[in-house]
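# Structural overview for review
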Amino acid sequence: MASNVNEPRAGTAQESRHPFRSGWTVLAAVLMIFGGAMAIFEGIAAIAKDDLFVKTSNYAFRFSVNGWGWIHLILGIVIVLAGFALFTGAIWARAVGVVLAGLAAIANFLWLPYYPFWAVVLIAINIFIIWALCAGANRDTW
């Protein structure tokens, strides 16, 4: 019983629709959950004790540290939820993940004068999330 070359393998259709065909999606989901949790902690710290952060007087984008705390807290919660949604393999979760990681990178860029090291780390994580979500896509999932 020779196998025909043109016959599809058993399970090929299932394998091509599997949400984690690429490990990049899983990595992006884990990084989104981690980055979102860090943003939540950043927001809580800014809301609870805003004198903890350095306030730069000559920065072009001046915002209240308390206000930034709420922005980071809300954005962090949404990012964590989107990270969990990525585990379902939903296409919308991939698109939402790219948008949220972009917004988080911009928010952390504007957060640079208050906590530079943390902001740079989160910017790098968000850029890597965007890359992982875009590079991990194949023709079947988009």
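Residues numbered from 1 in each chain as written. Predicted model: local features only at pLDDT ≥ 70, side-chain atom pairs only at ≥ 80, totals over all residues. Heavy atoms only, no water.

## Brief notes about a nonpolar patch on the surface
The grouping of Trp24, Phe128 and Trp131 at the surface amounts to a nonpolar patch, some 300 Å² of accessible area in total. Among the structural elements, tryptophan 24 can be located in helix H2 (residues 23-48). (Patch = residues over 30% accessible without salt bridge, like charges linked within 9 Å, V, L, I, M, F, W, Y side chains within 5 Å. Areas by Shrake-Rupley, 256 points an atom, 1.4 Å probe, with all protein chains shown as cover. Salt bridge = Lys/Arg side-chain N within 4 Å of Asp/Glu carboxyl O. Helix = DSSP H or I, 4+ residues; strand = E, 2+ residues; numbered from the N terminus.)

## Some remarks on the packing of aromatic side chains
Under the counting rule described, the total for this entry stands at 6 aromatic pairs. Between phenylalanine 84 and phenylalanine 87 the ring centres are 6.5 Å apart and the planes differ by 45 degrees, which places this aromatic pair in the tilted class. Here the aromatic cluster, defined as three or more aromatic residues joined through ring pairs, consists of Trp24, Phe128 and Trp131. (Phe/Tyr/Trp six-rings, centres within 6.5 Å; stacked < 30°, edge-to-face > 60°.)

## With respect to the nonpolar core
Nonpolar side chains in soluble globular proteins tend to be buried together. Judged by nonpolar contacts, the single largest core of 28 residues is most densely connected at Met32, Leu86, Trp111 and Ile129. Of all elements in the fold, only H2, helix H3 (65-86), helix H4 (91-110) and helix H5 (116-135) reach the threshold of two or more residues within this core. It is H3 that provides the largest number of residues to this core, a total of 7 residues. Not counting the four nearest positions on each side in its chain, isoleucine 129 is found in contact with Ala28, Leu31, Met32 and Ala101. (Core = buried A, V, L, I, M, F, W, Y, C linked by side-chain atoms within 4.5 Å. Buried < 20%, exposed > 50% of the residue type's maximum accessible area, 1.4 Å probe, protein only. Contact = heavy atoms within 4.5 Å.)

## Some details on the confidence of the model for the chain
Reading fine detail from the predicted coordinates is not recommended where pLDDT is low. Here the chain shows a mean pLDDT of 79. Residues at 70 or above account for 70%. Considering each helix and strand of the chain separately, the mean pLDDT is smallest for helix H1 (residues 12-16), with a value of 46, and largest for H4, with 92. Taken together, the stretch residues 11-16 has pLDDT below 50 and engages in 4 contacts with residues farther than four places along the chain or on a different chain. (pLDDT = per-residue confidence, 0-100.)

## Some remarks on the packing of H4 against H5
Contact geometry for H4 and H5: axes closest at 9 Å, N-to-C directions at 160 degrees. Here H5 runs roughly antiparallel to H4, going by the angle between their axes. The crossing of H4 and H5 is left-handed. For the pair H4 and H5, contact is made by Arg94, Gly97, Val98, Ala101, Gly102, Ala104, Ala105, Asn108 and Phe109 and by Ala119, Leu122, Ile123, Asn126, Ile129, Ile130, Leu133 and Cys134, respectively. Each residue belonging to the contact of H4 with H5 can be placed in one class, and the counts come to 12 nonpolar, 4 polar and 1 charged. (Axes fitted to C-alpha atoms, helices over the stretch in contact; angles between N-to-C directions. Parallel < 35°, antiparallel > 145°, perpendicular 65-115°, else oblique. Left-handed = near helix turned anticlockwise from the far one by under 90°. Nonpolar A, V, L, I, M, F, W, Y, C, P; charged D, E, K, R; others polar.)

## What about the environment of methionine 38?
Mapping methionine 38 onto the fold places it in helix H2. Not counting residues up to four positions away in its chain, the partners in contact with methionine 38 are Trp118 and Leu122.

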